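# Report on the structure
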Amino acid sequence: MSIAFVDLAAQFSRLEAEIRAAIDRVLKHGKFILGPEVSELEERLAAFAGVEHAVTCSSGTDALLMSLIAYDVGPGDAVFTTPFTFIATAEVISLIGATPVFVDIDPRTFNIDPALFETAVERIEAEGRLHLRGVIPVDLFGLPADYDALRQVTEGRDLFILEDAAQSFGALYKGRRAGALGDVAATSFFPAKPLGCYGDGGAVLTDDDALAARLESIRVHGKGTDKYDNVRIGLNARMDTLQAAIVLAKLQAFAEELEARQRVAERYTRGLSAVVETPWVPDGLTSAYAQYSILSEQRANIMAALKAEHIPSAIYYAKPLHLQGAFANLGHQEGDFPVAERTSQRIFSLPMHPYLRDDEMGGIVNVIIQTVN
Ligand SMILES: *Cc1c(COP(=O)(O)O)cnc(C)c1O
């Protein structure tokens, strides 16, 4: 068997004509920076997610950073987030000079635990050293966090919710789309994400008109009336027109691809739920399945058996952020976030993309069943 973890080649064969035509149009009109495809994509993304504004940018990381800049977050500020995520989520908090305050995760969803969030907020309030500013819940592996419960904690407090939707664009939370679940959301078009481009790209989504205007300024060097009138310190964080054209072409197949991801997840869960812990999706939610992640005490054996059959698998995430050297200054130690730590020791992800064939999934399931039995 030769199975890809994420099969971009299969997607390209399906969409080759559309993608080549889209790239060709950009080469011909030559508006490589903030060309017409960028604004068209922004309209389509906002409509898809059901928000007023989409501001595209250079990556998911920059989408998070631009949001924090737009809220004027800085030294002395506390921003809450999960330690069980990709480094980018918390990195931007430190980069801007604020303090990441980690909150442990729910063992079933792997997302920030709202009850522990409330405890952490009360502790920071009681200590009185840091100014409470916001929370960055992550929709890990494509499953939205528990926004209703998080909102109960932020309500009545001066705390924004910045949804890290880098893995969840396309997911649903009680009838609303990921990207529309916080005050502002950041998503990513990194090639391996559910909706990817052929390089780096991202977007910030929000209903807040004033915030969207600040984001548009921040993405072009803090521009005022034009690029040479600078009213704030900003970045060069635009998304290329070429990348926007590629995402537009891929959007045509996105709804179908999301359904295919559901079918893959259902097939895996049917085959595996008796032998490993399969993903739990709360009622009313639909995951975008950026990853299909399972838990087993026999992770090492299973991954070795898959590898022997040339089936790729990966660990997201082997080391929680509070134990990363980059955050050594926060003074955390093992045991501080036991659920994240315990999860990191047992979790791993199987090949997940819309073009997985039934026989491939069957083969993967069989290898795992044979290994654990
Ligand atoms: C991928 C990812 C990011 C960063 O996106 P880039 O486009 O790679 O910068 C941020 N947060 C999470 C949870 C991610 O998975």
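This report concerns the structure included in the present document. (Residues numbered from 1 in each chain as written. Predicted model: local features only at pLDDT ≥ 70, side-chain atom pairs only at ≥ 80, totals over all residues. Heavy atoms only, no water.)

### Looking at the pairing of strand E9 (residues 202-206)
Side-chain positions along a regular strand alternate between the two faces of the sheet. The test is simple: Buried, partly exposed and exposed residues are distinguished by accessible area as a fraction of the type maximum, computed with a 1.4 Å probe on protein chains only: under 20%, between the cut-offs, and over 50%, respectively. Under the scheme used here, helices are H or I runs from DSSP no shorter than 4 residues and strands are E runs no shorter than 2 residues, and both carry numbers assigned from the N terminus. For two strands to pair, DSSP has to find at least two bridges joining them.
Counting buried positions over the five residues of E9 gives five, a clear majority of the element. By the alternation rule, side chains of E9 split into Gly202, Val204 and Thr206 and Ala203 and Leu205, which are all buried. Examined bridge by bridge, strand E1 (residues 53-57) and E9 share five bridges and lie antiparallel to one another. Residue Thr56 lies in a different strand from E9, and its bridge partner there is Ala203. As paired strands, strand E8 (residues 184-188) and E9 are joined by five bridges and run antiparallel to one another. Its bridge partner lying in E9, Thr187 is registered against Ala203.

### Let's talk about the sheet that holds strand E3 (residues 99-102)
Just so we agree on the cut-off: To get an axis, fit a line to the C-alpha atoms, keeping to the stretch in contact for a helix; angles then go from 0 to 180 degrees between the N-to-C directions. By definition, residues are in contact when any of their heavy atoms lie within 4.5 Å.
If you walk across this open sheet you meet the seven strands as E1-E9-E8-E5-E4-E2-E3, and the pairing is mixed. Two strands lie at the open edges of the sheet, namely E1 and E3, each paired on one side alone. Each strand axis lies, on average, 25° off the axis of its neighbour in the sheet, ignoring direction. The sheet contact formed by strand E2 (residues 77-81) and strand E4 (residues 131-136) spans five bridges and is parallel. By the bridge assignment, Ala78 is partnered in E4 with Leu132. In the packing of helix H7 (residues 209-218) onto the sheet, contacts are made with E1, E8 and E9, and the angle to E1 comes to roughly 20°.

### Section: a nonpolar patch on the surface
Quick reminder of the rule: To count toward a patch, a residue needs a relative accessible area above 30% and no salt bridge. Like charges then connect within 9 Å, nonpolar side chains (Val, Leu, Ile, Met, Phe, Trp, Tyr) within 5 Å. For the accessible areas, the method is Shrake-Rupley and the probe is 1.4 Å, while residue cover comes only from the protein chains on display. We define a salt bridge as a contact between a side-chain nitrogen of Lys or Arg and a carboxyl oxygen of Asp or Glu at a distance within 4 Å.
On the surface, Leu27, Phe32, Ile33 and Leu34 cluster together into a nonpolar patch covering about 360 Å² of accessible area. Its location among the elements puts Ile33 in the loop between helix H1 (8-29) and helix H2 (36-49).

### Regarding the nonpolar core
Put simply, the test is: Put simply, a nonpolar core is a bunch of buried Ala, Val, Leu, Ile, Met, Phe, Trp, Tyr and Cys residues held in one set by side-chain atoms that sit within 4.5 Å of each other.
Core analysis: the largest hydrophobic core is formed by 47 residues, its most contacted members being Leu41, Leu45, Phe80, Phe117, Phe189, Leu195 and Leu205. Among the elements of the structure, H2, E2, helix H5 (114-127), E4, helix H6 (147-154), E9 and helix H8 (241-272) are those that each provide at least two residues to this core. Once residues lying within four places of it in the same chain are set aside, the contact partners of Phe80 are Val101, Val103, Phe117, Ala120, Val121, Ile124, Leu132, Gly134, Val135, Ile136 and Leu159. Residues Tyr71, Val73, Ala88 and Ile136 belong to the second largest nonpolar core, which totals 26 residues.

### Overview of helix H10 (residues 338-346)
The set of residues buried in H10 consists of Ala340, Glu341, Thr343, Ser344 and Arg346. As for H10, its buried residues are in contact with strand E11 (292-295), helix H9 (299-308) and strand E12 (347-350).

### As for the site of the ligand
Condition: Only a single heavy atom is needed: when it lies within 4 Å of a molecule or strand, its residue is near that molecule or strand. Contacts described as polar in this section are N or O atom pairs within 3.5 Å, which, within protein, must combine one atom able to donate a hydrogen with one able to accept it, while residues neighboring in sequence count only if both atoms come from side chains. Classification convention: Asp, Glu, Lys, Arg as charged; Ala, Val, Leu, Ile, Met, Phe, Trp, Tyr, Cys, Pro as nonpolar; all other residues, Gly among them, as polar.
In the neighbourhood of the ligand, 15 residues make up the surrounding shell, with Gly60, Thr61, Gln167, Ser188 and Lys193 lying closest. One nitrogen or oxygen atom from the side chain of Thr61 is found 2.5 Å from an oxygen atom belonging to the ligand. Taking Gln167, its side chain carries an N or O atom lying 2.7 Å from an oxygen atom of the ligand. For the ligand, whose unbound accessible area comes to 380 Å², protein coverage reaches 93%. Among the secondary structure elements, those contributing two or more residues to the shell around the ligand are helix H3 (60-70) and helix H4 (87-95). Partitioning the shell around the ligand into residue classes produces five nonpolar, eight polar and two charged.

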